[in-house]
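Architecture and fold: a report
Here is what each chain is made of, one letter per residue.
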Amino acid sequence: MSFPLFLRRPFSTSVKCSYRTKNIPEDIIAKALTTQPKRRGRSKDIQSVKDTKPEAKPQSASAPKPVSRTRTLKANTLPVDRFDLPPRSKWRNYFPISGMVFKSRISIANPETAALVADSFVPSGSRDKVIVEAYPGPGALTRALMQLPKERIRKIIVLEDVEQYLNFLHPLQEADPRVQVLPMNGFSWDTYHQLEVGGFLDDVEKSPWNQSNPTLHFISHLPMDVLGEQLLAQLLRCAPEQSWLFKHGRIPMSYLMHDWVWDRISASTEDPARCKLSVIAQAVSEFNYTIDPRLLVPYNSHFFPDATNPAQTSKTENRRRGTPFIAGTFKPLEHQIIQSGMLDKWDYCLRKLFVLKSTPLKNAVGHLAPGSDVLRSYLTDDSVPPDQRADMTKIIKKMSIGDWAAVVGAFDRWPFAPEELLITDSFSRDDRA
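The model shown is predicted, which means the values in this text are computed figures rather than measured ones.

Take Ser285: it is sitting in strand β9 (residues 285-289). Of note is the side chain of Ser285, whose polar atom sits 2.8 Å from the backbone oxygen of Ala281. Dropping the residues within four chain positions of it, Ser285 is found in contact with Leu236, Phe330, Lys331, Pro332 and Leu333.

Time to look at the nonpolar core. Soluble, globular proteins show a tendency: their nonpolar side chains are buried together. Core analysis: the largest hydrophobic core is formed by 78 residues, its most contacted members being Val132, Phe218, Trp244, Met257, Phe330 and Leu361. Among the elements that line this core, the one with the most residues is helix α7 (residues 226-241), at eight residues. For Phe330, the residues in contact, after removing those within four places along its chain, are Leu232, Leu236, Ile251, Pro252, Met253, Tyr255, Met257, Trp262, Ile265, Ser285, Glu286 and Phe287. One finds Ile108, Ile131, Leu145 and Met146 within the second-largest nonpolar core, a separate group that totals 43 residues.

Residue Ser285 is classed as buried on the basis of its relative accessible area, which comes to 6%. C-alpha of Ser285 to C-alpha of Pro332: the two residues are 47 residues apart in sequence and 4.2 Å apart in space.

Moving on, we come to the environment of Asp119. Structurally, the position occupied by Asp119 is in helix α3 (residues 111-121). Given the relative accessible area of 34%, Asp119 is considered partly exposed. Here the alpha-carbon distance between Asp119 and Gln147, two residues 28 residues apart in the chain, equals 9.7 Å. Those residues in contact with Asp119 that lie beyond four places of it in its chain are Leu148 and Arg152. A distance of 2.7 Å separates polar atoms of two side chains, one belonging to Asp119 and the other to Arg152.

The next point concerns the pairing of strand β7 (residues 216-221). Counting buried residues along β7, six of its six residues qualify, which places the element largely inside the surrounding structure. Of the two faces of β7, the one carrying Leu216, Phe218 and Ser220 and the one carrying His217, Ile219 and His221 are both buried. Relative to β7, strand β4 (residues 129-134) is paired through five bridges, and the arrangement is parallel. Following the sheet pairing, Val132 is matched in β7 by Phe218. Bridging between β7 and strand β8 (residues 253-258) involves four bridges; their strand directions are parallel. Counterpart to Phe218 in the pairing with β8 is Met253. Handedness of the crossover joining β7 and β8 through α7: right-handed.

So, on to unusual backbone geometry. It is generally the case that most residues other than glycine have a negative phi and that most peptide bonds are trans. Each neighbour pair has its own omega, and for Val297 with Pro298 the value is 0°, a cis peptide bond. In this fold, Pro298 is placed in the loop between β9 and β10 (303-304). In this chain, Phe304 is followed by Pro305 through a cis amide linkage whose omega measures 0°. Within the secondary structure layout, Pro305 lies in the loop between β10 and α10 (316-319). Its identity is not glycine, yet Tyr135 carries a phi of approximately 50°, on the positive side. Mapped onto the secondary structure, Tyr135 falls in the loop between β4 and α4 (140-146). The residue Gln242 is not glycine, and still its phi comes out positive at about 55°. Within the secondary structure, Gln242 is located in the loop between α7 and β8.

On to the pairing of β8, then. Of all six residues making up β8, six are buried, and the element is well covered by its neighbours. For β8 and strand β11 (residues 325-332), the ladder comprises six bridges, and the chain directions are antiparallel. Note that in β11 the partner of Tyr255 across the bridge is Gly328.

This next bit is on the packing of aromatic side chains. With the rule as written, the count across this model stands at 24 aromatic pairs. The interplanar angle of 65° and the centroid separation of 5.3 Å between the aromatic rings of Trp91 and Phe304 together place this pair among those described as edge-to-face. Of the two residues, Trp91 is situated in helix α2 (residues 91-94) and Phe304 in strand β10; the sequence distance between them amounts to 213 residues. Exposure class is identical for Trp91 and Phe304. Each is buried. Here the aromatic residues Tyr192, Trp209, Phe218, Trp244, Phe246, Tyr255, Trp262, Phe287, Tyr289 and Phe330 are joined through ring pairs into a cluster of three or more.

By definition, the strands of a sheet pair up through backbone hydrogen bonds, in either a parallel or an antiparallel sense. The mixed open sheet is built from seven strands, whose spatial order is β6-β5-β4-β7-β8-β11-β9. A single partner strand is all that each edge strand has here, and the edge strands are β6 (179-182) and β9. Neighbour to neighbour, the strand axes of the sheet diverge by 20° on average, direction disregarded. Each of β8, β9 and β11 touches helix α8 (residues 259-266); the most contacted strand, β8, lies at about 120° to it.

Okay, the confidence of the model for the protein chain next. Note: predicted coordinates in regions of low pLDDT should not be interpreted at a detailed level. The pLDDT averaged across the protein chain works out to 84; a share of 77% of its residues lies at or above 70. When the criterion is pLDDT under 50, residues 35-75 qualifies, and its contacts beyond four places in sequence or with other chains add up to 31 contacts. Within the model, the stretch residues 424-433 combines pLDDT values under 50 with 28 contacts to residues more than four positions away or in other chains.

Conventions we followed
- Residues numbered from 1 in each chain as written.
- Predicted model: local features only at pLDDT ≥ 70, side-chain atom pairs only at ≥ 80, totals over all residues.
- Heavy atoms only, no water.
- Helix = DSSP H or I, 4+ residues; strand = E, 2+ residues; numbered from the N terminus.
- Polar contact = N/O pair within 3.5 Å; in protein donor to acceptor, adjacent residues only side chain to side chain.
- Contact = heavy atoms within 4.5 Å.
- Core = buried A, V, L, I, M, F, W, Y, C linked by side-chain atoms within 4.5 Å.
- Buried < 20%, exposed > 50% of the residue type's maximum accessible area, 1.4 Å probe, protein only.
- Pairing = 2+ DSSP bridges.
- Right-handed = clockwise from strand over helix to strand, strands pointing away.
- Phe/Tyr/Trp six-rings, centres within 6.5 Å; stacked < 30°, edge-to-face > 60°.
- Axes fitted to C-alpha atoms, helices over the stretch in contact; angles between N-to-C directions.
- pLDDT = per-residue confidence, 0-100.

Shown next as C-alpha cells:
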C-alpha cells in the first residue's frame, strides 16, 4: 500500500515532498454513492499479518500433508451483522495492530466515551451539520455521531482507505442515508479535491470570513506518527490562504489526539515545549478542550489498541501507544496574523531561527540570510512603529506571536531578502505493504 502525503504545493510552497498521491478513480466515487455493500451468506476470512504465510507447493493427492509445528492464530470470519462493532476484547481478531498501515492508528473503542466526544464536537444547538470525518478507524465515533439527534447532522462523509476498517464502515452507509463512506486517504490533497469535483460538498454554502461557517465541520483521529502532526500543521497553514475546506469559510476542526501533540501546540513562551507548530497554531487559530481530559483516562478503558509497556520496546512510536488522549476543537481566527501570501516567509523565518531557539534574537537574526544583521535596525529604530518592533533581548523560543510578526514583517520589507525561500524538509518513505 502506498502512503500518500498531504504536503503538496497547494498547501505549503515551502515544503518538498517525495510522496505519491493515490488517485481515486471516478468510478469508485460514483459507486460509493449509488451502491450499497451486499450481504453475503459467508464473508471472506480476514487474517492478521502474523497469519500470512508463503503459498505451499502443490502436492499429489497421495502425498501425506506435513504436520505444522508452528502454532497459528485462528482465522476469524467477519460477523454477518457489522452495523454494531464487536466487543473491544475481540477487536484484535479483526483489526491488526502491527505493520506500516496500522501501527500509528489509535481508535476510540468505548461506545460511552465515543458518545461523550461526539456530543462535545457537535453540541446541542448545532443544526444541519455536514461532517467530513478522516481516519475513523472501525467507526466507533462515526456511530456515536449517527446517534446524535438527527437535526444536528445532515451528512457524514467518512474518509477511510483501510480494508479492515471499511468492512465495519460500509454497513453504516447501508443503514443510514446520511452516511457516505469513501475509500480515500484523509492525508492526501487529492482526496479533498475529489470531494469538490465529485459534488459531495455542493450543498455546503460558503460563508464570508467574518462569520463562522455553521455547517461544515472537519473531525479526525490524529495518527500517532510524524505524519499526523504534519497533517495538523498543514491544515492550520491553510487558514491564512483560505484554501482546503477553508474555501467554505471559517470551519471548525475537531480532533482526538495525543496530549503530547496538544502540549506542543498550546505551549506558551515560558514552556520548554514551544516550537514552530506552537507559533503557527496560535497565529492562525483559537483552540480549546471540548471535554475534560481526565474523562479519557486510563487509556485502555477508552482506546484501542492496548497500551505498550515502554520497557518492552525501544521504538518511540510504540512507547507513545498508551499516552493520554485529548479531545479539542480549533477555530480559525477572523483576523489572521499571517497575512495572505506571507506563509512562505513565516515558514522560512521560523525554520531558520528555531535552530537557535536558546539564542537572543539580536544574535540570531543574522542567521536568516547573508547581511540580515541589518534587520536589527528594522526592528528597533525610533522611526519604526511600535507594532513593528521586537524585543531583541528575548531568546527565540520565548518570542511572542507579535514578535514573530514583527520579524517576518521586517524580513518582508528588507530589499535584499532572498527570493528563493525553499527549505528542504521532505519526508520520504519507501512504499511498503
